[in-house]
Amino acid sequence: MDYNTLKDKTVFDFCDDTAILAKVTGFPEPLKSKEYIIGLSPIVHSQMLQALADETNNYGLREAATKLETELWENFDKNIDASRGLIIEP
C-alpha cells in the first residue's frame, strides 16, 4: 500500500465495525461517525491507522501508516523554531 494514499484518510475510510473503531480511537463507546475524530492532528490519525492495522492484521496498512507518521513528524520538527517555541491553537 502506498502511504501517500493515506493522507487525509481516517480509520473510518478503512473500517465500519463500530467496536473496532472505538478500540482503535480510544473512545469508550462505539463510534458511528468520524465527527468525533475530525479535529485531531494528521499524526494522531496515522497512529490510529496503525492501531487499526494491528487490530485487523493488515501489514500493508501498518507499514504505510508508519511511513506516513514518520514523514509527518519530520515535517512537524522542521516547522518548530526552538528559539520561539511552538504555539498550538485549538
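Structural data are supplied above this passage.
Note that this is a predicted model, so its numbers are computed, not measured.

Procedures and definitions
- Residues numbered from 1 in each chain as written.
- Predicted model: local features only at pLDDT ≥ 70, side-chain atom pairs only at ≥ 80, totals over all residues.
- Heavy atoms only, no water.
- Buried < 20%, exposed > 50% of the residue type's maximum accessible area, 1.4 Å probe, protein only.
- Helix = DSSP H or I, 4+ residues; strand = E, 2+ residues; numbered from the N terminus.
- Contact = heavy atoms within 4.5 Å.
- Polar contact = N/O pair within 3.5 Å; in protein donor to acceptor, adjacent residues only side chain to side chain.
- Core = buried A, V, L, I, M, F, W, Y, C linked by side-chain atoms within 4.5 Å.
- Salt bridge = Lys/Arg side-chain N within 4 Å of Asp/Glu carboxyl O.

A. Quick look at helix H1 (residues 18-25). When H1 is considered as a whole, its buried residues turn out to be Leu21, Ala22, Val24 and Thr25. The secondary structure elements touched by the buried residues of H1 are helix H2 (42-56). The distance from a side-chain oxygen at the start of H1 to the backbone nitrogen of Ala19 is 2.9 Å, and the residue carrying that oxygen is Asp17. One or two positions beyond H1, positive phi appears at Gly26, with a value near 85°.

B. Representation of the side chain of Ser46. In this structure, Ser46 sits in helix H2. By relative accessible area, Ser46 is classed as buried at 0%. Setting aside anything within four residues of it in sequence, one finds Ser46 in contact with Ala65, Leu68, Glu69 and Leu72.

C. Inspection of the nonpolar core at higher detail. Grouped together as the largest cluster of nonpolar side chains are 17 residues, with contacts concentrated most on Leu6, Val11 and Leu52. At the level of secondary structure, the elements contributing two or more residues to this core comprise H1, H2 and helix H3 (59-78). In contact with Leu52, other than residues within four places in its own chain, are Val11, Phe14, Cys15, Ile20, Val24 and Leu61.

D. Quick look at the pattern of salt bridges. Tallied over the entire structure, the rule returns 4 salt bridges. Residue Lys7 is joined to Glu71 by a salt bridge in which the shortest nitrogen-to-oxygen separation is 3.0 Å. Here Lys7, found in the segment before H1, pairs with Glu71, found in helix H3; they are 64 residues apart in sequence, far enough to count as distant. According to the relative accessible area criterion, Lys7 is partly exposed, its value standing at 37%. One salt bridge connects Lys23 with Glu55, and the closest N-O pair in it is separated by 3.2 Å. Of the two residues, Lys23 is situated in helix H1 and Glu55 in helix H2; the sequence distance between them amounts to 32 residues. The exposure class assigned to Lys23 is exposed, which follows from its relative accessible area of 56%.

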